[in-house]
Amino acid sequence: INDIEIKRVNGGITNKLYASFLKKNGFNSSETLLFKLYGLHTEFFIDRNEEITIMRLAVKAGLGAKFYCKFKNGMCYEFLPGTIISQQMMLEPRYFTKVAEAFATLHLINLDKPITEDELDKNQQPFIFNKIREILDLVDPDYDKSLKHVEPEFKKNILPVEEIRRELNFLEDNLKQYTRKNKSLIVLCHNDLSLSNLIYNENENKIKIIDLEYGHIDYQAFDLGNLFCEFAGVENLDYSLYPSKEYQLNWLRIYLESFYSRLLKNENFKIDEEKLQQFYCEVNKFALASHFLWSVWNLLQAQKSDLSYNFANSSQIRLSEYFKRKEEYLK
């Protein structure tokens, strides 16, 4: 036991993450084990069995960490040595090209032909709008009772639950009209791909993807819109860092050509400019859905979590960014 060290590491906002490793090997070793302790009340909106299934699929695709075992309030899985992708790294072609290709690989898991929403069976539904409703249903509409720790003046600015629900209905109707018209693809998505969930292994020159607890089939464009939103960071959100149109078009070209060359089994596939521009518009429309999801998620966490993080403030920032960009992105 004296040869083993246990260290608390960054496990996202809600989960607690501990690493167990041999002192002689150090933390950043392939023999390190990770133990994730689930966040309080997350069992109400995260399917842990589905998370394990998708982890196993990701490993088969060469992307993820091996799952070892689960216990009452958490799981043990493989530590992936490497460097967490930073905002600065995402500006460098050698890294962002690898990230785009990793996204394409993830989205091709169990996909042998293009699938649209209309082709899904009745038991299959895209993640985003159902998940927002599932979380919103858990939010207590009585803010005076459920947000006692929030300053009264700040609390007045939080939209009532029914207003949030009406706005969600509007957004879903608008985006579904768009996705049906453009035959948008449904793929296996991560649905929470922040930069901190991307690990670069220099020895393999590959990107690995972690934290698949929200993994589910979803609109292809949502994962990418969500990624671009995550350029703003986690704790000190700064949306001036949202990537420019030029950057997005460059990144999306790499992604789409990697995705379709493998899906259509055409190594020489080149995306045409009209399709690229249309997909750019779609990705930014789904950036709105990302803001909406994480605003509602943060609102629930503000009511339920026992952590000191300012969830109420993050909820307001995300919803403010949604309304700020709504008219522009929905045009």
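Fair warning: this is a prediction, and the values are worked out from it, not measured in the lab.

Looking at the element boundaries, Glu273 is found in helix α9 (residues 273–304). Residues Glu273 and Leu319 lie 46 residues apart in sequence; the distance between their C-alpha atoms is 32 Å. A polar contact is formed between the side chain of Glu273 and the side chain of Arg253, at a distance of 2.9 Å.

The next thing to look at is the nonpolar core. Core analysis: the biggest nonpolar cluster contains 110 residues, and Met90, Ile128, Leu198, Trp251, Tyr255 and Phe259 have the highest contact counts within it. In terms of residues, this core owes the most to one element, α9, which gives 16 residues.

Let us now look at the environment of Cys76. By the element assignment, Cys76 lies in strand β5 (residues 74–78). For the pair Cys76 and Ala19, spaced 57 residues apart in sequence, the C-alpha to C-alpha distance is 9.6 Å. Those residues in contact with Cys76 that lie beyond four places of it in its chain are Leu33, Leu34, Phe35, Phe67, Tyr68, Cys69 and Phe71.

Taken in spatial order, the 5 strands line up as β1-β2-β3-β5-β4 in an open sheet, and their pairing is antiparallel. For this open sheet the edge positions go to β1 (4–9) and β4 (67–71), each flanked by a neighbour on one side alone. In this sheet, neighbouring strand axes are inclined to one another by 20 degrees on average, regardless of whether the strands run parallel or antiparallel. Relative to strand β3 (residues 33–37), strand β2 (residues 16–22) runs antiparallel, the two sharing 5 bridges. Bridging across to β3, Tyr18 finds its partner in Phe35.

Throughout the structure, instances matching the rule amount to 21 salt bridges. Residue Arg48 pairs with Glu213 through a salt bridge whose shortest N-O separation is 2.7 Å. Here the residue Arg48 occupies a position in helix α1 (residues 48–60), and Glu213 occupies one in the loop between β9 (206–209) and β10 (216–219), the gap between them amounting to 165 residues. Note on accessibility: Arg48 and Glu213 belong to one class, buried. The salt bridge involving Glu273 is made with Arg253; its shortest N-O contact spans 2.9 Å. Here Glu273, found in helix α9, pairs with Arg253, found in helix α8 (residues 245–263); they are 20 residues apart in sequence, far enough to count as distant.

Right, let's talk about the packing of aromatic side chains for a bit. Per the counting criterion, the structure on display carries 22 aromatic pairs. Ring geometry for Phe27 versus Phe79: centroids 4.9 Å apart, planes at 50 degrees, classification tilted. Placement of Phe27 in the loop between β2 and β3 and of Phe79 in the loop between β5 and β6 (83–84) is noted, with a sequence separation of 52 residues between them. Overall, the relative accessible area of 25% leaves Phe27 in the partly exposed class. By relative accessible area, Phe79 is classed as buried at 10%. Here the aromatic residues Phe96, Phe103, Phe228, Phe231, Tyr247, Trp251, Tyr255, Phe259, Tyr260, Phe269 and Phe279 are joined through ring pairs into a cluster of three or more. Positioned above the aromatic ring of Phe27, the side-chain terminus of Lys7 is 4.5 Å from the ring centre. If you follow Arg48 out to its NZ or CZ, it ends over the ring of Tyr38, 3.7 Å from the centre.

Moving on, we get to α1. Helix length check: α1 (13 residues) gives 19 Å between terminal C-alpha atoms against 18 Å at 1.5 Å per residue, within 8%. Taken together, the buried positions of α1 are occupied by Arg48, Glu51, Ile52, Ile54, Met55 and Ala58. Each buried residue of α1 lies within a common arc of 170 degrees when the element is viewed along its axis, so the set occupies one face. Those residues of α1 hidden inside the fold are in contact with β3, β4, β5, β7 (186–189) and β10. A side-chain oxygen of the first residue of α1 lies 3.1 Å from the backbone nitrogen of Asn49; this N-cap is Asp47. Looking one or two residues past α1, Gly62 carries a phi angle of roughly 80 degrees, positive in sign.

Right, let's get into the pairing of strand β8 (residues 198–201). Neither face of β8 is exposed, since Leu198 and Tyr200 on one face and Ile199 and Asn201 on the opposite face are all buried. Both β6 and β8 contribute to a ladder of 2 bridges, which runs antiparallel. Residue pairing across strands places Ile84 opposite Ile199, the latter belonging to β8. Note: β8 against β9, 4 bridges, orientation antiparallel. Of the residues in β9, the one forming a bridge with Tyr200 is Ile207. A loop of 4 residues connects β8 with β9, the two strands running antiparallel in sequence, and Asn205 in this loop sits at a positive phi of about 55 degrees.

About the cut-offs
- Residues numbered from 1 in each chain as written.
- Predicted model: local features only at pLDDT ≥ 70, side-chain atom pairs only at ≥ 80, totals over all residues.
- Heavy atoms only, no water.
- Helix = DSSP H or I, 4+ residues; strand = E, 2+ residues; numbered from the N terminus.
- Polar contact = N/O pair within 3.5 Å; in protein donor to acceptor, adjacent residues only side chain to side chain.
- Core = buried A, V, L, I, M, F, W, Y, C linked by side-chain atoms within 4.5 Å.
- Buried < 20%, exposed > 50% of the residue type's maximum accessible area, 1.4 Å probe, protein only.
- Contact = heavy atoms within 4.5 Å.
- Pairing = 2+ DSSP bridges.
- Axes fitted to C-alpha atoms, helices over the stretch in contact; angles between N-to-C directions.
- Salt bridge = Lys/Arg side-chain N within 4 Å of Asp/Glu carboxyl O.
- Phe/Tyr/Trp six-rings, centres within 6.5 Å; stacked < 30°, edge-to-face > 60°.
- Lys NZ or Arg CZ within 6 Å of the ring centre and 35° of its normal.
- Expected span 1.5 Å × (residues − 1).
- Arc of directions from axis to C-beta.

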